[in-house]
Amino acid sequence: MSRRMRVPGTSEKRGTKRTEVSLSAFAFLFSELVQYSQQRVSNVEELEGRLKQMGQEVGERALEMLAWREKGTRKETQIVGTLSFVHTVVWKALFGRAADALEKGTQADNEYMIVDREPLINRFISVPKDLGHLNCAAFNAGVVRGVLVAAGFPCQVSAHFVPQDGYKQRTVILIRFDESVLLREEMKL
Amino acid sequence: MLTFAVVGRSDEPLYLAELASTKGDEASYHLHQFVLYAALDAVDEAAWRSGTCYLKAVDRFEDMTVSAYVTAGGIRMLLLHQGRGEDGIKSFFQDVHEAYVAIAMNPMYTPTEEIRSSEFDRKVKNSARKHL
């Protein structure tokens, strides 16, 4: 199990060793982020909203940095390519490994899911009963949304606990693309 | 004539520079900016059709050509020129892209804000001298 988290470096040349940050340092910072937000909200939805907003800021920057570093002068113009980029490149850069699954939703045409069996971010978080279904991986959902919106794919993103196969912390990040994205995909095909 | 602009996702002007010394007057500077902005629709169209950042020449007006480059995050870079070489333009855009990533990573910088960094300005001008 990796005990170090990757952080996209700011002044690295392409191809050099990536900087890593200790998991404990990040966990500490994240716990402070959660506590800070908790003091300023009145319900679970607002708390998840704040974490999501913070994640979004990370996502926007991660996209620019990682696309430049990993793909040079190529960019994604389709849903599948962009989601695949999030699922592998972004996850690897932030959490040290690719996400566990990328699936298309069965409920609707515009739904996609990224599954993480054990989100690194929740490793040291325990949610008390009175906060119900709070999932701090709302931060990850924010990161995903940040990447997608910056890449030109407006969407709604949310994180949900869906335990399965003994993984209690298994989190599904649900992505619902706007109508306009689907229309654009159709026009291109 | 060599006018360079960086435009944000919602068409906000982020950076503008006249890279060649022209003996133009106020009116021609405004014309340059106008032509660049008018080219944005063509840039968007080309961007969604292409899997590469460098879009080459996307629009023309009289004897001026607009070449464009789009980053993964949808930031557009536009160059107004009168027939510079493709290779030089591409290298220039790539240098500016790298400089932009450095700006974007700043947690205090939001993507809708004007780029005021003198470092960025210096890099753009140096790259222009080198490649254009």
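Criteria and cut-off values
- Residues numbered from 1 in each chain as written.
- Chains lettered and ligands numbered in written order.
- Predicted model: local features only at pLDDT ≥ 70, side-chain atom pairs only at ≥ 80, totals over all residues.
- Heavy atoms only, no water.
- Salt bridge = Lys/Arg side-chain N within 4 Å of Asp/Glu carboxyl O.
- Helix = DSSP H or I, 4+ residues; strand = E, 2+ residues; numbered from the N terminus.
- Contact = heavy atoms within 4.5 Å.
- Buried area = accessible area lost by both parts, 1.4 Å probe.
- Pairing = 2+ DSSP bridges.
- Axes fitted to C-alpha atoms, helices over the stretch in contact; angles between N-to-C directions.
- Buried < 20%, exposed > 50% of the residue type's maximum accessible area, 1.4 Å probe, protein only.
- pLDDT = per-residue confidence, 0-100.
- Parallel < 35°, antiparallel > 145°, perpendicular 65-115°, else oblique.
- Left-handed = near helix turned anticlockwise from the far one by under 90°.

Q: Break down the pattern of salt bridges for me, citing the residues and quoting the values.
A: If the charged atoms of two oppositely charged side chains come close together, the side chains can form a pair. As enumerated under the stated definition, the model contains 13 salt bridges over all chains in all. A salt bridge links B:Arg76 to B:Asp44; the nearest nitrogen and oxygen atoms lie 3.2 Å apart. Taken as a pair, B:Arg76 in strand E5 (residues 76–81) and B:Asp44 in helix H2 (residues 40–49) lie far apart in primary sequence, 32 residues in all. Connected via shared salt-bridge partners are A:Arg97, A:Asp100 and A:Asp116.

Q: Go over the interface of chain B and chain A with me, naming the residues and quoting the values.
A: Contact residues are listed per partner, giving 25 residues for chain B and 21 residues for chain A. For the chain B and chain A pair, buried surface summed over both sides reaches about 2000 Å², with 62% attributable to carbon and sulfur atoms. Looking only at chain B, the three residues that lose the most surface to chain A are B:Trp48, B:Ala72 and B:Met105, adding up to 37% of its buried area. At the surface where chain B touches chain A, the tally comes to 0 salt bridges.

Q: Give me the lowdown on the sheet that holds strand E2 (residues 13–18) of chain B, citing residues and values where you can.
A: Residue and element names in this part refer to chain B. The strand order across the open sheet formed by 5 strands is E2-E1-E5-E4-E3, and the pairing between neighbours is antiparallel. Taken across any chain shown, the strands that pair with only one partner, and hence form the sheet edges, are E2 and strand E3 (54–61). Across the sheet, the axes of successive neighbouring strands diverge by a mean angle of 20°, strand direction being ignored. For strand E1 (residues 3–7) and E5, the ladder comprises 5 bridges, and the chain directions are antiparallel. Bridge pairing in E5 links Thr 3 to Leu 80. Packed on one face of the sheet, helix H3 (residues 86–104) meets E1, E3, strand E4 (64–70) and E5 and runs near 145° to E5.

Q: I'd like a rundown of the pairing of E1(B), residues and numbers included.
A: Residues and elements named next belong to chain B. For E1, the tally of buried residues reaches 5 of 5 residues, placing the bulk of the element in the interior. On E1, burial covers both faces: Thr 3, Ala 5 and Val 7 on one face and Phe 4 and Val 6 on the other are all buried. In this antiparallel pair of consecutive strands, E1 and E2, the connection spans 5 residues, and Asp 11 shows a positive phi of 65°.

Q: Break down the confidence of the model for chain A for me, with residues and values.
A: Residues and elements named next belong to chain A. When pLDDT is averaged along chain A, the result is 87, and 90% of the positions lie at 70 or above. Across chain A, helix H4 (residues 138–150) holds the top mean pLDDT of 96, while strand E1 (residues 4–6) sits lowest at 47. Confidence over residues 1–16 falls short of pLDDT 50; this stretch has 46 contacts with residues more than four positions distant or in other chains.

Q: Talk me through the packing of helix H2 (residues 44–71) of chain A against H4(A); I want residue IDs and the actual numbers.
A: Residues and elements named next belong to chain A. Contact geometry for H2 and H4: axes closest at 6 Å, N-to-C directions at 45°. When the axis of H2 is compared with that of H4, the two are oblique. Every pair of crossing elements has a handedness; the one defined by H2 and H4 is right-handed. Facing H2, whose interface residues are Glu 48, Leu 51, Lys 52, Met 54, Gly 55, Gln 56, Val 58, Gly 59, Glu 60 and Leu 63, H4 presents Ala 138, Phe 139, Ala 141, Gly 142, Val 143, Arg 145, Gly 146, Val 147 and Ala 150.

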